[in-house]
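Overview (structure and organization)
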Amino acid sequence: MSTEFGLKDLIKDGIEKLQKASDLDATVDAWLLAEEVLGITRVQYFINPQRLVNKEDADKFFKFIDMRCNKIPLQHITGKQEFMGLSFNVNEDVLIPRQDTELLVEMVLNYLKQKIQGKKVKVLDMCTGSGCIAISIKKLAENVDVTAVDLSQNALKVAIDNAKQLDAKVTFIESDLFENVEKQYDVIVSNPPYIKTEEIESLMDEVRIHEPMMALDGDCDGLKFYKKIAKEGRQYLRSNGIIFFEIGYDQGQTVPAILEGNGYKDIKVYKDLSGNDRVVTAGKE
């Protein structure tokens, strides 16, 4: 009995299993898992689709396929997610970095490049999770000191590991929002929990079951953390400093109203590539 499997049939079987499990991205997921297990590219596949795969690798591939069939996020299976061209480690203790959040980082980077020159700039990332925002800013901006805050010890472990892996010198603070923060910053950036509590049960299983609740739940109105960060953040934001928030698609009016109520100026809302409100910026007098 052969202990090897044909690559073409292996991937085909993986796709079919995922389709039966109602995976809408069955083909993409099967390919990504094949690449993860076998270290193979599409080009290598098309050169020799009949190449043999040993039993050990085939078993690992189908183990991953079964995990995906059970709604475990692809990123938790591979343990990583790309964000801003960088590879981040992820697990169930942190929110998986989303492409939508890249707009938030890009806007901070553009601001740092265009508005502030010739001096060291201090940036605070509140609710850092995996550290993807803070680390990306440190890696892609010049002359910045970056501090990242999270309440979760487990999330901070992931973030610290990511910073080491990516050689990014970021200061991490375990804190309930600003409780243990002492300095003032030129920029505060945050992608806080913003999903309404009652809406969490309607999320996809991949998110509802496998991602950390504390990174999702924004209380009954989804605005709990915006209210706290806007209010408490003023004393930690330097004069003429700016705050950047990622927001939910339906928060393009409520979050600006919170900022206005706390005395911020020049409040602006920006849309993502899908046309949804995604980022709010505001300045401090």
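The structure under discussion appears in the preceding block.
The following paragraphs examine the structure supplied in this document. Nothing here was measured: the structure is a model prediction, and the numbers come from that model.

What about the sheet that holds strand E9 (residues 237-246)?
Strand order in the open sheet made by the 7 strands is E7-E6-E5-E8-E9-E11-E10, with mixed pairing throughout. Unpaired on one side and paired on the other, strand E7 (170-174) and strand E10 (265-271) mark the two borders of the sheet. Adjacent strand axes in the sheet meet at a mean angle of 15°, parallel and antiparallel pairs treated alike. Examined bridge by bridge, E9 and strand E11 (residues 277-283) share 5 bridges and lie antiparallel to one another. Directly across from Phe244, in E11, lies its bridge partner Thr281.

Comments concerning the packing of helix H10 (residues 224-233) against helix H11 (residues 254-261)
Where H10 contacts H11, the axes come no closer than 9 Å and their chain directions differ by 25°. As summarised for this structure, H10 and H11 are arranged roughly parallel, according to the angle between their axes. As for the relative orientation of H10 and H11, their crossing is right-handed in sense. Between H10 and H11, the residues in contact are Tyr226, Lys227 and Ala230 and Val255, Ile258 and Leu259, respectively. Partitioning the contact of H10 with H11 into residue classes produces 5 nonpolar, no polar and 1 charged.

Quick look at the side chain of Asp272
As for its position among the elements, Asp272 is in the loop between E10 and E11. A distance of 2.9 Å separates a polar atom in the side chain of Asp272 from the backbone nitrogen of Ser274. Apart from the residues within four sequence positions on either side, Asp272 is in contact with Asp100, Leu103 and Arg278.

Some remarks on unusual backbone geometry
Within the chain, Met84 stands out as a residue other than glycine whose phi angle is a positive 55°. Following the sequence through the fold, Met84 ends up in the loop between strand E3 (80-83) and strand E4 (86-89). When its relative accessible area of 16% is taken as the criterion, Met84 is described as buried. A positive phi angle, close to 55°, is found at Asp167, a residue other than glycine. For Asp167, the position within the fold is in the loop between helix H8 (153-165) and E7.

Thoughts on the pattern of salt bridges
Note on pairing: side chains with opposite charge can pair once their charged atoms come close. For the coordinates displayed, the defined rule picks out 15 salt bridges. The residue Lys119 makes a salt bridge to Asp186 at a minimum N-O spacing of 3.7 Å. Here Asp186 lies in strand E8 (residues 185-190) and Lys119 lies in the loop between helix H6 (100-115) and strand E5 (121-126), a separation of 67 residues in the sequence. With a shortest N-O distance of 3.1 Å, Arg238 and Asp186 are connected by a salt bridge. With Arg238 in strand E9 and Asp186 in strand E8, this residue pair connects regions lying 52 residues apart in the sequence. It is possible to trace a salt-bridge network through shared partners that takes in Asp100, Glu246, Asp272 and Arg278.

Remarks on H6
Counted at 1.5 Å a residue, the expected span for H6 with its 16 residues is 22 Å, and the 23 Å between its end C-alpha atoms agrees. Those residues of H6 lying buried are Thr101, Glu102, Leu103, Leu104, Val105, Met107, Val108, Leu109, Tyr111 and Leu112.

Some thoughts on the nonpolar core
Ranked by size, the top nonpolar core spans 35 residues in total, and within it Leu112, Val123, Ile137, Val170, Val187, Val189 and Phe244 carry the most contacts. Per-element tally for this core: the top contributor is H6, with 8 residues. Those residues in contact with Phe244 that lie beyond four places of it in its chain are Leu104, Met107, Val108, Tyr111, Val187, Ile188, Val189, Ser190, Val280 and Thr281. Formed by 29 residues, the second largest nonpolar core is a distinct cluster that contains Val149, Tyr185, Phe225 and Ile243.

A closer look at the packing of aromatic side chains
For the structure shown, the criterion picks out 7 aromatic pairs. Between Phe83 and Phe88, the ring centres sit 6.2 Å apart and the planes meet at 75°, which makes this aromatic pair edge-to-face. One exposure class covers both Phe83 and Phe88, and it is buried. It is Arg42 that lies over the ring of Trp31; its NZ or CZ is 4.0 Å from the centre. For Arg234, the ring lying beneath its charged end belongs to Tyr264, and the centroid distance is 5.2 Å.

Thresholds applied
- Residues numbered from 1 in each chain as written.
- Predicted model: local features only at pLDDT ≥ 70, side-chain atom pairs only at ≥ 80, totals over all residues.
- Heavy atoms only, no water.
- Pairing = 2+ DSSP bridges.
- Helix = DSSP H or I, 4+ residues; strand = E, 2+ residues; numbered from the N terminus.
- Axes fitted to C-alpha atoms, helices over the stretch in contact; angles between N-to-C directions.
- Parallel < 35°, antiparallel > 145°, perpendicular 65-115°, else oblique.
- Left-handed = near helix turned anticlockwise from the far one by under 90°.
- Contact = heavy atoms within 4.5 Å.
- Nonpolar A, V, L, I, M, F, W, Y, C, P; charged D, E, K, R; others polar.
- Polar contact = N/O pair within 3.5 Å; in protein donor to acceptor, adjacent residues only side chain to side chain.
- Buried < 20%, exposed > 50% of the residue type's maximum accessible area, 1.4 Å probe, protein only.
- Salt bridge = Lys/Arg side-chain N within 4 Å of Asp/Glu carboxyl O.
- Expected span 1.5 Å × (residues − 1).
- Core = buried A, V, L, I, M, F, W, Y, C linked by side-chain atoms within 4.5 Å.
- Phe/Tyr/Trp six-rings, centres within 6.5 Å; stacked < 30°, edge-to-face > 60°.
- Lys NZ or Arg CZ within 6 Å of the ring centre and 35° of its normal.

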